[in-house]
Amino acid sequence: MPSILHCMDCGRQYPTNAVAYTCETCGGLLDVQHDLDALRGMVTHELFDQRLGSLDAPYNSGVWRYKELIYPDIDPAAIISRPEGNTNLYHTPKLAAWAGVRTLYLKHEGENPTGSFKDRGMTGGLTQARLLGMERVACASTGNTSASLAAYAAFGGLRGIVLFQNKQIALGKLSQAIAYGATCIRIAADFDRNLELVREMSSALGIYVLNSVNPFRLEGQKSIVFELTQQLRWQVPDWIVCPGGNLGNSSAFGKALYELHQLGLIDRLPRLAIIQAEGSNPLYRAYQHGFEHFAPIKAETIASAIKIGNPVNYPKAVRALRWTDGVVEQVSDQEILDAKALIDAQGIGCEPASGCSLAGARKLVAAGVIKPHETVVGVLTGHVLKDPDVTIGYHENTLEGTSAAYPNQIHTAEPTLEALRQILLNEAAPSLTPKQQDEHRVS
Ligand SMILES: *Cc1c(COP(=O)(O)O)cnc(C)c1O
Ligand SMILES: [Zn+2]
């Protein structure tokens, strides 16, 4: 049976050649559903292991290596791929000790072609756009979606259109969208309003929407879980921890784990921990009341990639949490930036939102939810170069409302050997202990 679009609420089905993101009958979110019975036995660890290191498209991609689980029916020649994925899984003993767990890995999705995990979704979304015969694709974006869409649209020969909020776009992301040649439109509205606008505009003008409401994007993002599991020799960790904004990744991770388990490719489900910024925490609030009630909020956080008050994938994220016995935690901007500073100082580096994974893991260990003997994989969602203003502001202590616990201040020196000697003599070794213990909020 070919893959279909399936409404998660009422079960109505649509063929994959329908231009649809939500159900016409009930408004529910759509999933791309594959024929798991037909795939059972056909997809094996060996099949995916054989493709490791492949030089040939599409299997040289860390998304399309798992083509049978992403979009089985399509002709490989139809795929638009950079290729993406094949990102590193870092073993980080020092950060594990800081978080309070025995084993911590960081899966670095900032190592994708445009510097964020969005590329894994975009290869799926652009491929589907071209299969549908679409000439234009659009998104609303806090930044990374637009950078990725702009690149993949240009690469695939489609027209990209991106809607931004008029302030707080990270410099790296904005410069990418412009450079890759998308039509860039700044709007005096927040992300949530821009997402409504892009959906209105697209249905009125026949443009394909590539926000994470698009189910083909989530299929591509499932590969983060496939790849990290394969990198662990098909042994799942106890926990997968990721930031939650529009909750596309959270949703995709849940579906990926569900499918791997159904297909017998893993023997147990890891638990999912979704971490939100305190000022952008609608999922966390709903979680505290057993998901009885959801209310959008006005979002605020320095981690602009997750500054989202009305996450479109909320129902899918709740489903993912139920499938995986997952949890939701919130962290302050201070905790996010300090965790980022530590990841950066390991020579790994990430953008602010990614700091949630480490900050959240540490908080969940302190709360006794994650046990010290457990294995944790934290997902770093974006590259350190994405948001240079925040990085520099942190180290220079010029950010409002936060104060750097791990600053690396730039020295200035007279052009003499003696001046340099003085600086190097007085320099302390880098440490994982905060510089300003009392100002640093330790949970
Ligand atoms: C998009 C993005 C997020 C949020 O992911 P969702 O799938 O929307 O929850 C987090 N971090 C970075 C760097 C992002 O680009
Ligand atoms: Zn429906």
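Residue numbers here run from 1 along each chain, matching the order of that chain's written sequence. Starting at A for chains and at 1 for ligands, labels are handed out in the order in which the entities are written. In keeping with the model being predicted, local features are shown solely for residues with a pLDDT of at least 70 and side-chain atom pairs are shown and tallied solely at 80 or more, while totals for entire chains, interfaces and linings include all residues. The side-chain figures draw on all heavy atoms in the structure; neither hydrogens nor water molecules are used.

Focus: the environment of Pro237
What counts is decided by this rule: In DSSP terms, a helix is any run of H or I states spanning at least four residues, a strand is any run of E spanning at least two, and both are numbered starting from the N terminus. Only protein chains enter the calculation, and the probe is 1.4 Å; a residue is then buried if its accessible area is under 20% of its type maximum, exposed if over 50%, and partly exposed in between. Any two residues having at least one pair of non-hydrogen atoms within 4.5 Å are treated as being in contact.
Mapped onto the secondary structure, Pro237 falls in the loop between α10 (223–231) and β10 (239–243). Relative accessible area serves as the criterion here: at 2%, Pro237 is assigned to the buried category. Pro237 has contacts with Leu228, Leu232, Arg268, Pro270, Thr375 and Val377, leaving out every residue within four places of it along the chain.

Looking at the nonpolar core
Operational definition: Among buried residues, those of type Ala, Val, Leu, Ile, Met, Phe, Trp, Tyr and Cys that are joined through side-chain atoms within 4.5 Å constitute a nonpolar core. An automatic or database domain assignment supplies the start and end points of every domain.
Grouped together as the largest cluster of nonpolar side chains are 93 residues, with contacts concentrated most on Leu69, Leu126, Val137 and Leu283. Of the domains in this structure, domain 1 (1–33) and domain 2 (38–116 + 221–443) are the two that each give at least three residues to this core. In this structure Leu126 touches Ile80, Val137, Tyr152, Ala153, Leu158 and Leu210, once residues within four positions along its chain are discounted. Membership of the second largest hydrophobic core comes to 42 residues, among which are Leu106, Trp239, Ile302 and Ala339.

Re the coordination of the zinc ion (ligand 2)
Which entries qualify depends on this criterion: Note on donors: an N, O or S atom is included if it sits within 2.8 Å of the metal, or within 3.2 Å for Na, K and Ca, and water is never included, so sites can look incomplete. A four-donor site is classed as tetrahedral when every donor-metal-donor angle falls between 85 and 135 degrees; four donors are called square planar, and six octahedral, when trans pairs exceed 155 degrees and all remaining angles lie between 65 and 115, with any other arrangement labelled irregular.
In this structure, Cys7 (SG), Cys10 (SG), Cys23 (SG) and Cys26 (SG) serve as the protein donors to the zinc ion (ligand 2), at separations of 2.3 to 2.4 Å. For the zinc ion (ligand 2), the four donor atoms in the first shell make angles of 96 to 117 degrees at the metal, a pattern classed as tetrahedral. Sequence positions of the donors to the zinc ion (ligand 2) reduce to the motif C-x2-C-x12-C-x2-C. Here Cys7 is found in strand β1 (residues 4–7), whereas its partner Cys26 is found in the loop between β2 (13–15) and β3 (30–33), with 19 residues between them in sequence.

A closer look at the domain arrangement of the chain
Keep this limit in mind: Buried surface area refers to the total accessible area, computed with a probe of radius 1.4 Å, that the two partners give up upon joining, counted for both partners together.
The domain architecture assigned to the chain consists of domain 1 (1–33) and domain 2 (38–116 + 221–443). Domain 1 puts eight residues into the contact, and the matching count from domain 2 is nine residues. Roughly 750 Å² of surface becomes buried between domain 1 and domain 2 when both sides are summed, with 52% attributable to carbon and sulfur atoms. Considering only the surface of domain 1 that becomes buried against domain 2, Met8, Leu29 and Asp31 emerge as the three largest contributors, covering 55% of it.

A word on empty space enclosed by the protein
Filter applied, for reference: A cavity here means a set of 1 Å grid points, computed over protein atoms only, where a 1.4 Å probe fits but cannot escape. A pocket is an open set with protein on both sides within 12 Å along at least 5 of 7 lines, and lining residues have an atom within 4 Å of a point. Grid points are joined across faces, edges and corners, and a volume is the space filled by probe spheres set on the points. Residue polarity follows a fixed list, in which Ala, Val, Leu, Ile, Met, Phe, Trp, Tyr, Cys and Pro are nonpolar, Asp, Glu, Lys and Arg are charged, and the others, Gly among them, are polar.
Under the counting rule described, the total for this entry stands at three cavities of 30 Å³ or more. Within this model, the largest cavity holds a volume of roughly 290 Å³. Forming the walls of the largest cavity are 26 residues, and the residues nearest its centre are Phe117, Lys118, Gly245, Asn246 and Ala305. The set of elements that each furnish at least two residues to the lining of the largest cavity consists of β6 (136–141), α6 (144–156), α9 (215–221) and α11 (248–262). Residues belonging to the lining of the largest cavity are distributed by class as follows: nine nonpolar, 14 polar and three charged.

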